[in-house]
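Summary of the model geometry
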Amino acid sequence: MATPITTSTTVREAVTRYPGAEAIFDAHGLIGCGGPNGPLEPIGFFAVVHHVDPQKLIDELNDFAATRQPTGDEAHAPIDAGRHTYPLFLTTALIITLTTGITSGIAAALTGGWGGLRGEAWTATVQTHGHVQVFGFLALFIMGIALHILPRFKGQAPPPRPLLLATYWTMLVGVALRATTQPHGQGFLRVLLGASAVLELAGILLFAGIVAVVFWRARTKREPYDRFLEVAIAWLVVLGGMNAYLTIHAAVDGRHVLAAPGDAALLEAAVYGFIVLFVLGVSYRALPFFLSLRPAHAPLRDAALAIIAVALPLRVAAVWAPEFGRYGWTARMDELSTFALAIGVAAAVAALRVFESPAEDAPAVEAPPAFRQMVQAAYVWLLAGVALDSYWRLRELSGGFTPFYAAGAIRHAFLLGFATLMIMAMAYRTLPVFSGRRLRWRAGIPASFLMVLGAGVLRVSPVALTLVPSKLDFKLLTAAGVLLFFGLAVFFAELLSSMFARFAGTQTAAAAAGDATTAPQPTPAVAGAAASARFEAPARPSHESALPAHTSGAAPAHANGTSAAAGPAGTANGTANAIRREMTVADALAVSPHVLPALIEYGFGPLTDPELRARMAPVTTIERAAAIVNVDPDALVATLNKAVGAARAERAAPPEASDDGVAPIDMRFTDTAAPEAMVRFALKSCYDPEIPINIVDLGLVYAVAVEGTHAYVRMTLTAPGCPMADEVEVQVRDAMLGVPGIESVDVDVVPEPPWTPERMSAAARRAVGWQ
């Protein structure tokens, strides 16, 4: 009879033994990173970290397993076998820009400077280029990434594949019709031109609806970056509506060129409303981890968003107004809103702190070559764009005007310099994690970055400050298009090497740490030791506390860093896989999956995130990990070896059988000898709404007690009368009820003693830059 799935069974083991079980994990939002075979983590641990009821998940998995014949160890149930749609969005976006977007821009530069096209024909080519780059490249690329990462950011199940494909096809067909009909626009083609805008609007509404459902379902777990993404997607809907109105209006009038004021307003909404705000939102969510940034300035960040949210509608209205008549207010409103947007964007960049040095004592994080440089260069371009925008508005105050080509340079500073470089940087950083496959030609990463950066300089600088471009300027614009083509071609080849198996190389250590594809598959008996071993390593001691009882008396490590201690169950001492101080965390995780919960319980919290683990583990030694969380490295090594030894002893022991000869299903996540520790660990999944630190490390939890199936916690809040108090209490209740064996809870929020920053753990103070 098949071995039942328990909380100690790893995710990898479950989907390998029972192909198709990955759909159950998907339904709970637990799959999506870590490669085609899922994470090598105990299901119970994985469920608690991701706010899923372990017992419910186990019940569903065992119900599924009862209907399936288990496969051998050599079989695999590939989670990523064509099921994710982000490769479709990304590859299509890059094909569109390489075949139509960039080439139409090169054609516009050639004919505009050397006398080819004139009048509406040339304007139609320019508008086609801009539309394909915004809707076909940037928007489609961002949609693909967003539909993959946002449900995982919010702990939600992936959207239904038919909806994702419907979004993809409506956007693709709409962009294709626009690209083929606008340059011609004769006869019946005008009908297709109008149809293109309707299809694009439908795709945008589908995308916005999917994201709205994700955010609504996660409304009790809001984060500061949510507001940026919500405003950005609202502007995308506005953008689709404006595009539909302008395009249909032109088609009905028999034109194939959009009205100039409306087209300019459309680009303002696209640049500031959708692209800048969306990239800022993702940056606030991801870059603090990817670049070890200091915590963002929250008041400045929120003020920046408020300024942009107020100024942008005024800017769009002022730019579009001349199409409908002469209004005295438009010029002044355009100028004032421009300066307000510049202040808002500059404040948002300052709040992100992307140009500051990493946080002190931040663990080293692996990143692609030139990743930090790409991100910082992108934000330089963003600031350059608002600076150029402000410069020409100042010229207008003295009676001047903003020439057509200078306006184009400003937009390219945003779209080519900022958005394209950020897309490249984030794709290089995240796609190997999504797919579990390394980038094959890493030397091409800096090359593609330099080519796209050079293209931006050649496209913007010749016409940024000039009224009338020369023939040399047009030659430089053409060269910029050629350089951009080759830079994005290299980028495309790099992404193919990660997204598709036939181009992929073998996994790096980073991928192995996050996905453990090459790690040996543990049996259920081995995985069972994770539960008991996990809480043998208590929470990280404070500066004043003694080391845990089971480690404080451990024998010192040998010269090679291997612990000399041997617990009752045996340790890894003297074996080839012994944990040593100089080992990287990735190597230690490869020894046994039970190393991970022990490290997390000691306070090495970033390891709970598969993406961060994939980057940090290969470059952080056990000794360095001990220094980060301020514990004795020898004691940490001894604890890890004890956990490994306990697992091996359990594997060697004969399994306990029930009366019917079937091993019982162990529904316990941890050893019930330490129930308070179980509840306290579950509370680490609850976060303060203002400070991105869990409530335990923040020092808000004063007492935890368990009596039978009832759990009690006494805690406080960071400020009396906190408006988010109810949401915090709901989080705490849900986390405690998610602990196996707990059936009722009591949350006592007390005002005394009041919370002060001194109650934070040392790691928490370092995380927010207070130490």
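Residues numbered from 1 in each chain as written. Predicted model: local features only at pLDDT ≥ 70, side-chain atom pairs only at ≥ 80, totals over all residues. Heavy atoms only, no water.

If you tally the helices and strands in the protein chain, you get 28 helices and 3 strands. Of the contacts made within the protein chain by residues no fewer than 6 positions apart, 79% connect residues no fewer than 24 positions apart. (Helix = DSSP H or I, 4+ residues; strand = E, 2+ residues; numbered from the N terminus. Contact = heavy atoms within 4.5 Å.)

Taken together, the 3 strands give an open sheet; going across it, the order is β1-β2-β3, and neighbouring strands pair in mixed fashion. Whereas interior strands pair on both sides, the edge strands pair on one side only; in this sheet they are β1 (701-707) and β3 (744-749). Averaged over all pairs of adjacent strands, the angle between strand axes in this sheet comes to 10°, irrespective of strand direction. Of the pairings in the sheet, the one linking strand β2 (residues 710-715) to β3 comprises 6 bridges and is parallel in character. Across the sheet, Val713 pairs through a bridge with Val747, a residue of β3. Lying on the sheet, helix α27 (residues 725-737) is in contact with β2 and β3; it crosses β3 at an angle near 150°. (Pairing = 2+ DSSP bridges. Axes fitted to C-alpha atoms, helices over the stretch in contact; angles between N-to-C directions.)

A few words now on the side chain of Asp389. Within the secondary structure, Asp389 is located in helix α13 (residues 371-397). A polar contact of 3.0 Å, which involves the side chain of Asp389, links it to the side chain of Tyr272. Engagement of the side chain of Asp389 in a polar contact is seen with the side chain of Arg315, the distance being 3.1 Å. If near-sequence neighbours (up to four positions away) are discounted, Asp389 is found in contact with Tyr272, Arg315, Thr338 and Ile410. (Polar contact = N/O pair within 3.5 Å; in protein donor to acceptor, adjacent residues only side chain to side chain.)

Turning our eyes to something else, we now look at the nonpolar core. Soluble globular proteins tend to bury their nonpolar side chains together. With 139 residues, the main nonpolar core has Phe141, Leu287, Tyr379 and Phe491 as its most contacted residues. The residues contacting Leu287, other than those within four sequence positions of it, are Val282, Ser292, Leu293, Leu352, Val354, Phe371, Val375, Tyr379, Met422 and Met426. (Core = buried A, V, L, I, M, F, W, Y, C linked by side-chain atoms within 4.5 Å. Buried < 20%, exposed > 50% of the residue type's maximum accessible area, 1.4 Å probe, protein only.)

Attention now moves to helix α12 (residues 329-352). What sets the pattern is the α-helix's 3.6 residues per turn: residues three or four places apart point alike. The end-to-end C-alpha distance of α12, which contains 24 residues, comes to 34 Å, matching closely the 34 Å that a straight helix rising 1.5 Å per residue would cover. Following α12 by one or two positions, Arg353 adopts a phi angle in the positive range, close to 65°. (Expected span 1.5 Å × (residues − 1).)

Moving on, we come to the packing of helix α10 (residues 260-290) against α13. Interaxial distance between α10 and α13 falls to 13 Å at its minimum, and their mutual angle equals 145°. When you trace α10 past α13, the crossing you get is left-handed. Across from Tyr272, Val276, Val279, Leu280, Ser283, Leu287 and Phe290 in α10, the residues of α13 making contact are Phe371, Val375, Tyr379, Leu382, Val386 and Asp389. For the contact of α10 with α13, a count of residues per class yields 11 nonpolar, 1 polar and 1 charged. (Left-handed = near helix turned anticlockwise from the far one by under 90°. Nonpolar A, V, L, I, M, F, W, Y, C, P; charged D, E, K, R; others polar.)

What follows is about the confidence of the model for the protein chain. Taken over all residues, the pLDDT of the protein chain has a mean of 76, while the share at 70 or more is 72%. Overall, residues 502-577 carries pLDDT values under 50, and its contacts beyond four positions in sequence, including any with other chains, amount to 184 contacts. (pLDDT = per-residue confidence, 0-100.)

A word on the packing of aromatic side chains. In total, this model carries 18 aromatic pairs according to the counting rule given. Judged by centre distance (5.4 Å) and plane angle (70°), the rings of Phe89 and Tyr168 are edge-to-face. Here Phe89 is found in helix α5 (residues 86-114), whereas its partner Tyr168 is found in helix α7 (residues 161-181), with 79 residues between them in sequence. According to the relative accessible area criterion, Phe89 is buried, its value standing at 1%. With a centroid separation of 5.2 Å and 70° between ring planes, the pair formed by Tyr379 and Phe418 is classed as edge-to-face. (Phe/Tyr/Trp six-rings, centres within 6.5 Å; stacked < 30°, edge-to-face > 60°.)

The residue His129 is located in helix α6 (residues 119-153) in this model. The class of His129 is buried, set by a relative accessible area of 15%. Aside from chain neighbours lying at most four places away, what touches His129 is Gly101, Ser104, Gly105 and His412.

Moving on, we get to unusual backbone geometry. The omega angle of the peptide bond from Glu752 to Pro753 is -10°, so this bond is cis rather than trans. Structurally, the position occupied by Pro753 is in the loop between β3 and α28 (762-767). The backbone of Arg353 shows a phi angle near 65°, a positive value even though the residue is not glycine. By secondary structure assignment, the location of Arg353 is in the loop between α12 and α13. With a phi close to 65°, Ala370 is a non-glycine residue in the positive phi region. Positionally, Ala370 belongs in the loop between α12 and α13.

This brings us to the pairing of β1. Most of β1 sits inside the fold, with 5 of its 7 residues counted as buried. Sheet topology places β1 next to β2; 6 bridges connect them, and they run antiparallel. In the sheet register, Val701 faces β2, and the bridge partner there is Met715. Connecting β1 to the next strand, β2, in antiparallel fashion are 2 residues, including Gly708 with a positive phi near 65°.

Attention now goes to the pattern of salt bridges. Under the criterion given, the structure shown has 15 salt bridges. Here Asp334 and Arg393 are joined by a salt bridge, their closest N and O atoms 3.6 Å apart. A residue pair is termed long-range when its members are at least 10 positions apart, and Asp334 in helix α12 and Arg393 in helix α13 qualify at 59 residues. Each of the two residues, Asp334 as well as Arg393, counts as buried. (Salt bridge = Lys/Arg side-chain N within 4 Å of Asp/Glu carboxyl O.)

Running from N to C, α13 and helix α15 (residues 444-460) point in directions that differ by 10°, and their axes come no closer than 11 Å. On the basis of the axis angle, α13 is roughly parallel to α15. Residues Gln373, Met374, Ala377, Trp381 and Leu388 of α13 pack against Ile445, Phe449, Leu453, Gly456, Val457 and Val460 of α15. (Parallel < 35°, antiparallel > 145°, perpendicular 65-115°, else oblique.)

Turning our attention to helix α11 (residues 298-320). In a regular helix each residue adds 1.5 Å, so 23 residues correspond to 33 Å; α11 covers 33 Å between its end C-alpha atoms and thus fits that length. Its maximal kink placed at Ala311, α11 deviates by approximately 25°, while the proline Pro313 follows within four residues. Listed in full, the buried residues belonging to α11 are Ala298, Arg301, Ala304, Leu305, Ile308, Ala311, Leu312, Arg315, Val316, Ala318, Val319 and Trp320. Each element contacted by the buried residues of α11 is listed here: α9 (225-252), α10, α12 and α13. (Bend = angle between axes of the 7 residues up to and from the residue.)

Okay, the environment of Ser448 next. Note that Ser448 resides in helix α15. Classification of Ser448 by relative accessible area gives buried; the value is 0%. Sequence separation of Ser448 and Leu421 is 27 residues, and the distance between their C-alpha atoms is 9.8 Å. In this view, Ser448 contacts Met424, Tyr428, Gly487, Val490 and Phe491; residues no more than four positions away in its chain are not counted.

Here Leu352 is to be found in helix α12. Taking the relative accessible area as the measure of exposure, Leu352 reaches 1% and is therefore buried. Between the C-alpha atoms of Leu352 and Pro288, which are 64 residues apart in sequence, the distance is 8.2 Å. Once residues within four sequence positions are removed from consideration, Leu352 is found in contact with Ser283, Tyr284, Leu287, Leu293 and Tyr379.

Before going further, it helps to examine the environment of Ala409. Counting through the fold element by element, Ala409 comes out in helix α14 (residues 404-435). Of the residues examined, Ala409 reaches a relative accessible area of 0% and is grouped as buried. For the pair Ala409 and Pro462, spaced 53 residues apart in the sequence, the C-alpha separation amounts to 8.6 Å. Not counting residues within four places of it along the chain, the set of residues in contact with Ala409 comprises Arg459, Val460, Val463 and Ala464.

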